[in-house]
Every structure is written in structure tokens, then in C-alpha cells.
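An overview of the molecular structure
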Amino acid sequence: MPRHRKGVRAIGYHHGDLRRTVLAAAVDAIGESGLDSWSLRELARRAGVSHAAPAHHFGDKAGLLTALAAEGYALLADALAAAGPDFLEAGLAYVRFAVAHPVHFGVMFQPKIYRADDEAVQVARERAGRLLRQGAETVGSTADGGATTARAGWSIAHGFASLWIAGAIPVPPGTDPLDAARPVLARLLGR
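Numbers given to residues run from 1 along each chain, matching the order in which its sequence is written. Restriction of local features to residues with pLDDT of at least 70 applies here, the model being predicted, together with a cutoff of 80 or more for giving and counting side-chain atom pairs; totals for whole chains, interfaces and linings are based on all residues. Side-chain measures were taken over the full set of non-hydrogen atoms in the model, leaving aside hydrogen atoms and water.

Let us now look at the overall build of the protein. Assigned secondary structure in the protein consists of nine helices and zero strands. Its helices and strands taken in sequence order, the protein reads α-α-α-α-α-α-α-α-α from the N to the C terminus. The proportion of buried residues among the 191 residues of the protein is 37%. Here the contacts in the protein between residues at least 6 apart in sequence split such that 65% fall between residues at least 24 apart. Entry remark: accessible area of the protein is about 10,600 Å², with carbon and sulfur atoms responsible for 56%. In DSSP terms, a helix is any run of H or I states spanning at least four residues, a strand is any run of E spanning at least two, and both are numbered starting from the N terminus. Throughout, exposure labels follow a simple rule: accessible area from a 1.4 Å probe, protein chains only, divided by the maximum for the residue type, with under 20% read as buried, over 50% as exposed, and the rest as partly exposed. Whether two residues are in contact is decided by their heavy atoms, any of which lying within 4.5 Å being enough. In short, Shrake-Rupley with a 1.4 Å probe defines the accessible areas, and a residue's cover is counted only from the protein chains shown.

Turning to the confidence of the model for the protein, a few remarks are in order. Scored by pLDDT, the protein comes out at a mean of 87, with 90% of its residues at no less than 70. Low pLDDT, under 50, characterises residues 1-14; the predicted model gives this stretch 15 contacts beyond four residues in sequence or across chains. pLDDT gives the predictor's per-residue confidence on a scale running from 0 to 100.

Interaxial distance between helix α1 (residues 18-33) and helix α2 (residues 40-47) falls to 9 Å at its minimum, and their mutual angle equals 115°. With respect to their mutual orientation, α1 and α2 come out roughly perpendicular. For the element pair α1 and α2, the recorded crossing hand is right-handed. Along the contact surface, α1 presents T21, V22, A25, A26, D28, A29 and E32, while α2 presents E42, L43, R46 and A47. With axes taken as lines fitted to C-alpha atoms, and helix axes fitted only over the stretch in contact, angles between N-to-C directions fall between 0 and 180 degrees. What sets the label is the angle itself: under 35 degrees gives roughly parallel, over 145 gives roughly antiparallel, 65 to 115 gives roughly perpendicular, and the rest give oblique. Each crossing gets its hand from how the near helix is turned against the far one by less than a right angle, where anticlockwise is left-handed and clockwise is right-handed.

For the rest of this paragraph, the subject is the nonpolar core. To define a nonpolar core, start from buried Ala, Val, Leu, Ile, Met, Phe, Trp, Tyr and Cys residues and group those joined through side-chain atoms within 4.5 Å. Ranked by internal contacts, the top residues of the largest apolar core, which has 51 residues, are W38, L43, L64, L68 and V95. For this core, the element with the highest residue contribution is helix α4 (residues 61-83), accounting for ten residues.

Right, let's talk about the packing of aromatic side chains for a bit. Note on ring pairs: Phe, Tyr and Trp rings are taken, using the six-membered ring of Trp, and paired if centres are within 6.5 Å. Classes follow the plane angle, with under 30 degrees stacked, over 60 edge-to-face and the rest tilted. If you walk through the whole model with that rule in mind, you get five aromatic pairs. Ring geometry for Y73 against F109: centres 5.8 Å apart, planes inclined by 70°, an arrangement best described as edge-to-face. Residue Y73 is located in helix α4, and its partner F109 is located in the loop between α6 (102-108) and α7 (119-137); the two are separated by 36 residues in the primary sequence. Since its relative accessible area comes to 6%, Y73 is described here as buried. Measuring from centroid to centroid gives 6.2 Å for F109 and W154, while their planes differ by 45°, and the two rings are tilted. Linking F109 in the loop between α6 and α7 with W154 in helix α8 (residues 147-166), this pair joins segments that are 45 residues apart in sequence.

Helices are assigned an expected span. That span is 1.5 Å times one less than the residue count. Its 23 residues give α4 an end-to-end C-alpha distance of 33 Å, which sits within 8% of 33 Å, the value for a rise of 1.5 Å per residue. Think of a polar contact as two N or O atoms within 3.5 Å of one another; within protein, one of them needs to be a possible hydrogen donor and the other a possible acceptor, and neighboring residues in sequence only count if both atoms come from side chains. Capping the start of α4, D60 holds a side-chain oxygen 3.3 Å from the backbone nitrogen of A62, two or three residues further along. In the stretch just after α4, G84 is the one whose phi turns positive, near 80°.

Let us look at the pattern of salt bridges. Note on definitions: salt bridges are taken to be side-chain nitrogens of Lys or Arg within 4 Å of carboxyl oxygens of Asp or Glu. Tallied over the entire structure, the rule returns eight salt bridges. D60 is the partner of R115 in a salt bridge, and the nearest nitrogen-oxygen pair spans 2.9 Å. In this pair, R115 sits in the loop between α6 and α7 while D60 sits in the loop between α3 (53-58) and α4, placing the two residues 55 residues apart along the sequence. The exposure class of D60 is partly exposed, given its relative accessible area of 31%. In this structure, E126 engages R130 in a salt bridge whose closest nitrogen and oxygen atoms are separated by 4.0 Å. Taken as a pair, E126 and R130 lie in helix α7 at a separation of four residues, close to a single helical turn. Assessed through its relative accessible area of 37%, E126 is described here as partly exposed. Residue classification places R130 among the partly exposed positions, given a relative accessible area of 37%.

If you want it as C-alpha cells, here you go:
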């Protein structure tokens with residue numbers, strides 16, 4: 001029978017959703033101390049599972065970061081789908097996603113730290129890209145099917161989100177990121 005310590009779940013065979021628990025612990029650890037200052041052993045401790053459990057499930061740090069990237073792209077695609085076909089709303093959904101999920105956002109766009117050729121990453125990334133391109137096509141047709149407009153919108157939304165997360169945009173305290181992003185993104189559309 002596993003021993004119980006005050007404030008720590010027992011380490012046992014049945015845990016529930018171990019994958020979700022370890023990913024949540026990773027988001028917390030990375031959010032607190034950055035991408036370089038955590039270990040699978042620390043995640044196990046945070047999650048209240050055996051030290052081998054994260055390695056058994058993800059293999060190594062790159063495997064865990066791959067799962068975070070795939071989850072991030074899926075969350076982004078869901079946000080873009082919920083925004084509908086309006087390109088401005090898609091840009092705002094992008095910023096909203098980044099601000100709500102800064103750890104995922106930070107991992108997703110550093111493909112050297114995870115397995116970018118992973119099928120789950122590729123499928124989720126392509127879905128997000130397809131939704132962004134569909135929004136770009138509503139702005140007007142171009143010779144490249146909206147790819148340049150999609151890249152321009154992505155660049156502006158991504159740059160704004162990155163600057164916002166870094167605290168580099170000088171705005172009054174309490175400013176809503178979407179209120180600040182709307183006129184910037186609207187400029188791209190000539191609105």
C-alpha cells in the first residue's frame with residue numbers, strides 16, 4: 001500500500017489521467033522558471049506520481065515538449081475555428097490564445113526543442129494554418145490564394161502577442177490585451 005504524506009497524493013498504479021496531470025505540471029513548472037529549469041523528476045514530484053511515470057509516458061523532455069506543442073496547436077486551432085471566418089477576429093483569437101496559454105505559445109514556436117515532425121504536431125499545426133489561411137481568403141483574393149495575407153496577419157498577431165507577453169507594449173495598467181490588439185490588427189485590414 002502506498003504511503004501518504006500530508007498534501008501529496010499517494011503514488012500508486014491508478015492515477016486517473018496521468019498524461020493530463022503531467023502536462024499541467026509541466027505548464028506550471030515552465031511558467032514559473034522557464035524552459036531550462038525543470039526536469040521530468042520534478043514534474044513527477046509536482047504531479048504526485050512515481051519519478052518514472054513521466055518518462056514512461058513521454059520518454060524524455062523532448063517528448064513532453066512535443067506533447068505540449070501538439071496540445072498548443074490544437075488549442076490554437078480551436079480558438080481560430082471559434083472565431084469564425086472574419087480575419088480580424090481570427091487575429092484577436094490568436095492573441096487571446098497566446099495570452100491565455102503563454103507556455104504553450106512559447107514552446108510551439110521553438111521547434112528545435114521538440115519533435116516537430118511528430119504526427120500530432122503536424123496535424124494540429126496544419127489545422128491551425130488552414131484556418132488562418134481561410135480567414136485570409138475572406139480579405140481578398142491574391143495570386144497565392146491568400147498565403148501572403150495569412151503570413152502578414154500571423155506575423156502581426158504573433159508579434160503583438162509576443163510583445164504583450166513580454167510586457168514590452170507600453171499601455172496603462174489594466175489594459176485588456178484584445179482592446180490593445182484590435183486597432184493594430186485592424187490596420188492590416190485597412191479598417
